[in-house]
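# Structure at a glance
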Amino acid sequence: MSKLGQVVEAVEKYNQFVLEQVKRARTDEKFGRDLLGRWNDIKAKIPTTRTPTGLPLPRLALPEISEPGEIARYLFGDGLPGEFPFLNGAYREMYLEPVREIESFEKNEAVGAGVSPANRAKMQPTRLAPQEEPTRLFSGLMLAEDTNERFHYLTRHQRTHRLSTAFDGPTLYGIDSDADGVFGKIGEGGVAIDTVEDMVRLYDGFDLGSPNFSASMTISGPAPIIMAMYIAAAKRRFGPRVVPKLRGTIQADIFKEVQAQNETIFPIEPSLRFLTDMVEFTTREMPRWYPISISGYHIGEAGSTPVQQAAYTLSNGFAYAEMFAARGIPVDQFGPRLSFFLDCGLDAEYIALARVSRRVWAIGMRDVFSAGAKAQLFKLHTQTSGRSLIAAEFKNNLTRTAAELMLAYMNATNSCHSNSADEPFTTPSEEWIRVAAHGQAILLEESGIFKHTMNMLSGSPGMKAVERAVEAAILDEFREIERLGGVLAAVEERYQRSQIQNASHRYERQIYDGTRPIIGLNRYRDGAEEIPEVKLVRTPRAKQQLQVDRLRKFKKKNAEKAKRALDKLAAVVERGENCFPTLLEAVEVCSLGQITGRLQEVVGRFRPMV
């Protein structure tokens, strides 16, 4: 039985354990009394906060139960926020305002009139440092300096700078901007990055080593090369001591590329080897970096059902864990450095999809991989669904995204990106991307839905019903992948890809026949609506030529050094050694396309399976 099969058994065994604890709490008087005592102690220690209107609320909302069996079901089956199995959240507190020592309005008013100014000052709220915002700001357009300008625009009002970067098509495929046939694609749909000099421009003006800065890079095929460029750019600006301070993530998820997104540039086994080389290096040298973001978002955007998205993401994650452990990296070293990325649409499953994923991951990592508490955490970035955005009456996309944001935060996501309403037409403009970012600020800062109380919307009967159904469906998918021989064998059989394609076809058919209502498209459509005039964001030819000229100048300047660096890199790969340290040397003098091309000469190119 593979590790995935063991995960299925572990989840089923844990569910049985929960039922046994419920029964024990109801039959073992001392155990039940101890649980009730713990429960009452937990409730007694929950601080009280106040809304701006003066309403007192508990900082953590718990179900109103006093029966020992139900207490056992909650504590063991769900767990408090920050406690195994982490259904209610990876951390004890998320999104909440800082704790304040606040007297009641009545007491302040009654006492305040008779105290000295000095003592009155002592009665003022005690404000602690605010938590990091979960909002992650996503951009990528034209050249590095253009995206840098957009990053500075987006972060003007942010306490913490959490930047997510989109790359253009040539970069995603490891192709240089001066390659034949790509000129018109330079800087389209993302930023063009060819060299370490581009990477320096991309993050110019940001303190890459600051604890308040993190970078996320949405790229997988050439991820180790781009990662090496990021490290090299940071060292150029801040010196070698910055490397352990670097904070962020790079997607680097090869499995989802083969299953859904198609941006694979090396055969699967060499791709996984290069990824593991990078993980081994970053785990040892960069304790604040997440070297892989295991992505369900692109699986969802390719057309999967929500359950398929979660099942394939989790199974891919367990496959990576098995692979890294086989390399000899301790699970408690790489486990805390794994992160996840899920889509959030409007289907009912999204009410609990991330919650269930967090629980399944924790049980699997603890009981199958013997991981400690930090490696059990399913640390999640969520993005609202791009597939749900509709060109017809596109302003309705604001409502869709708002509803998806609510679902994402109900699921206690660790960070979030909200899509822009104009994305069906173009790379988001400043106007719409600002509205998208403000959507999260309104939800988290202006509204009181999440900032006063943890678990404000968790645990409803409907949510619990969805949780049970989703978990059962995920385990069914695991069983099928296990039957096929595990994740890699299923990939080679095109199982995940075929299932995604079938689900996508069903989704589109449902829109066409009206069984899936899309407001403004197949229901309540205004027949008189005209196509809106939306300004398209395009990269001017002059900028595209500038990128080519810069690249050619870089190649000419480093021609001799690049040849030696590429020869050394090829030799290391052929010897089977970890190539990432040599890659760090190569990116100083070689372009992305030069490195990709030389590695393809050694290990070959990816050929889609048929």
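Every value quoted in this text rests on a predicted model; they were computed, and no experiment measured them.

## Some details on the pattern of salt bridges
By the definition in use, this model includes 38 salt bridges. As a salt-bridge pair, Arg33 and Glu29 come within 3.5 Å of each other at their nearest N and O atoms. Remark: Glu29 and Arg33 occur in helix 2 (residues 29-44); sequence separation between them is four residues, near one turn of the helix. By relative accessible area, Arg33 is classed as partly exposed at 47%. In this structure Glu29 comes out as exposed when scored by relative accessible area, which is 64%. The salt bridge involving Glu467 is made with Arg355; its shortest N-O contact spans 2.8 Å. Highlighted residues: Glu467 in helix 18 (residues 461-483) and Arg355 in helix 15 (residues 353-367), separated in sequence by 112 residues. Here Glu467 and Arg355 have matching classes, each one buried. Residues joined in a network through salt bridges with shared partners are Arg26, Glu67, Glu70 and Arg73.

## Quick notes on the packing of aromatic side chains
Aromatic ring pairs are described here by two measures, namely the spacing of the ring centres and the angle between the planes. A full pass over the atoms with the stated rule returns 27 aromatic pairs. Ring plane angle 85 degrees and centroid distance 5.7 Å describe the contact between Phe17 and Phe76, whose orientation is recorded as edge-to-face. On the criterion of sequence distance, the pair formed by Phe17 in helix 1 (residues 3-27) and Phe76 in helix 3 (residues 68-78) is long-range, its members being 59 residues apart. Phe17 sits in the partly exposed class, given a relative accessible area of 30%. Taking 5.0 Å as the distance between ring centres and 0 degrees as the angle between the ring planes, the aromatic pair formed by Tyr297 and Phe341 counts as stacked. Linking Tyr297 in helix 12 (residues 297-301) with Phe341 in strand 9 (residues 338-344), this pair joins segments that are 44 residues apart in sequence. Grouping residues by exposure puts Tyr297 and Phe341 together as buried. The structure contains a cluster of three or more aromatic residues connected by ring pairs, namely Phe151, Tyr203, Phe206, Phe213, Tyr230 and Trp289. The ring of Tyr290 carries Arg337 above its face, with NZ or CZ at 4.5 Å from the centroid. Positioned above the aromatic ring of Phe84, the side-chain terminus of Arg366 is 4.0 Å from the ring centre.

## Some points on the sheet that holds strand 3 (residues 137-139)
Taken in spatial order, the five strands line up as 3-4-5-6-7 in an open sheet, and their pairing is parallel. Two strands in the sheet have a free side with no partner beyond their single neighbour: strand 3 and strand 7 (289-290). Of the pairings in the sheet, the one linking strand 4 (residues 161-166) to strand 5 (residues 213-218) comprises six bridges and is parallel in character. Paired with Ala166 across the two strands is Thr218, which belongs to strand 5. Contacts from helix 9 (residues 223-238) reach strand 5, strand 6 (248-250) and strand 7, with the element oriented near 155 degrees to strand 5.

## Focus on the sheet that holds strand 9
A sheet is described by the order of its strands in space; here four strands give the open sequence 8-9-10-11, paired in parallel fashion. Looking at strand neighbours, the two that pair on one side only are strand 8 (292-295) and strand 11 (415-417), the edges of this open sheet. Neighbouring strand axes in the sheet, compared pairwise and without regard to direction, differ in orientation by 25 degrees on average. Bridging between strand 9 and strand 10 (residues 380-384) involves five bridges; their strand directions are parallel. Opposite Phe341, over in strand 10, you have His381 as the bridge partner. Strands in contact with helix 16 (residues 397-410) are strand 9, strand 10 and strand 11; relative to strand 10, the strand with the most contacts, it is inclined by about 165 degrees.

## Some details on the confidence of the model for the chain
Within the chain, residue pLDDT values average 90, and 93% of them lie at 70 or more. Mean pLDDT across the secondary structure elements of the chain bottoms out at helix 4 (residues 105-112), with 38, and peaks at helix 15, with 98. Across residues 101-129 the pLDDT falls below 50, and counting only partners more than four positions away or on other chains, this stretch makes 23 contacts in the model.

## As for the nonpolar core
Core analysis: the biggest nonpolar cluster contains 155 residues, and Met199, Tyr203, Ile226, Tyr230, Ile250, Phe478 and Ile595 have the highest contact counts within it. With eleven residues, the single largest contributor to this core is helix 9.

## Quick word on empty space enclosed by the protein
To find leftover empty space, one rolls a probe the size of a water molecule over the atoms. Scanning all chains against the criterion turns up six cavities of 30 Å³ or more. By volume, the largest cavity is sized at about 130 Å³. In this structure, the largest cavity is lined by 14 residues; those nearest its centre are Tyr95, Tyr409, Phe450, Met454 and Asn455. Here the lining of the largest cavity is composed, by residue class, of nine nonpolar, four polar and one charged. Here the second largest cavity defines a volume of roughly 80 Å³. Contributing to the lining of the second largest cavity are Leu342, Asp343, Cys344, Tyr350, Leu353, Ala354, Leu380, Thr382, Leu407, Ala408, Asn411 and Thr413.

## Let's talk about the pairing of strand 4
Counting buried positions along strand 4 yields five of six residues, so the element is predominantly enclosed. Following the backbone out of strand 3, through helix 6 (residues 144-154) and into the adjacent parallel strand 4, one traces a crossover that is right-handed.

## Focus: unusual backbone geometry
Note that the residue after Phe84, namely Pro85, is joined by a cis bond; omega there is 5 degrees. With a phi close to 60 degrees, Ala412 is a non-glycine residue in the positive phi region. Mapped onto the fold, Ala412 is located in the loop between helix 16 and strand 11. Residue class for Ala412 comes out buried when judged on its relative accessible area of 8%. One non-glycine residue, Arg494, lies in positive phi territory at about 60 degrees. Inspection of the secondary structure assignment puts Arg494 in the loop between helix 19 (487-492) and helix 20 (495-513). With a relative accessible area of 23%, Arg494 lands in the partly exposed category.

How each quantity is defined
Residues numbered from 1 in each chain as written. Predicted model: local features only at pLDDT ≥ 70, side-chain atom pairs only at ≥ 80, totals over all residues. Heavy atoms only, no water. Salt bridge = Lys/Arg side-chain N within 4 Å of Asp/Glu carboxyl O. Helix = DSSP H or I, 4+ residues; strand = E, 2+ residues; numbered from the N terminus. Buried < 20%, exposed > 50% of the residue type's maximum accessible area, 1.4 Å probe, protein only. Phe/Tyr/Trp six-rings, centres within 6.5 Å; stacked < 30°, edge-to-face > 60°. Lys NZ or Arg CZ within 6 Å of the ring centre and 35° of its normal. Pairing = 2+ DSSP bridges. Contact = heavy atoms within 4.5 Å. Axes fitted to C-alpha atoms, helices over the stretch in contact; angles between N-to-C directions. pLDDT = per-residue confidence, 0-100. Core = buried A, V, L, I, M, F, W, Y, C linked by side-chain atoms within 4.5 Å. 1 Å grid on protein atoms, 1.4 Å probe; cavity = no way out; pocket = protein on both sides within 12 Å on 5 of 7 lines; lining within 4 Å. Points joined across faces, edges and corners; volume = space filled by probe spheres on them. Nonpolar A, V, L, I, M, F, W, Y, C, P; charged D, E, K, R; others polar. Right-handed = clockwise from strand over helix to strand, strands pointing away.

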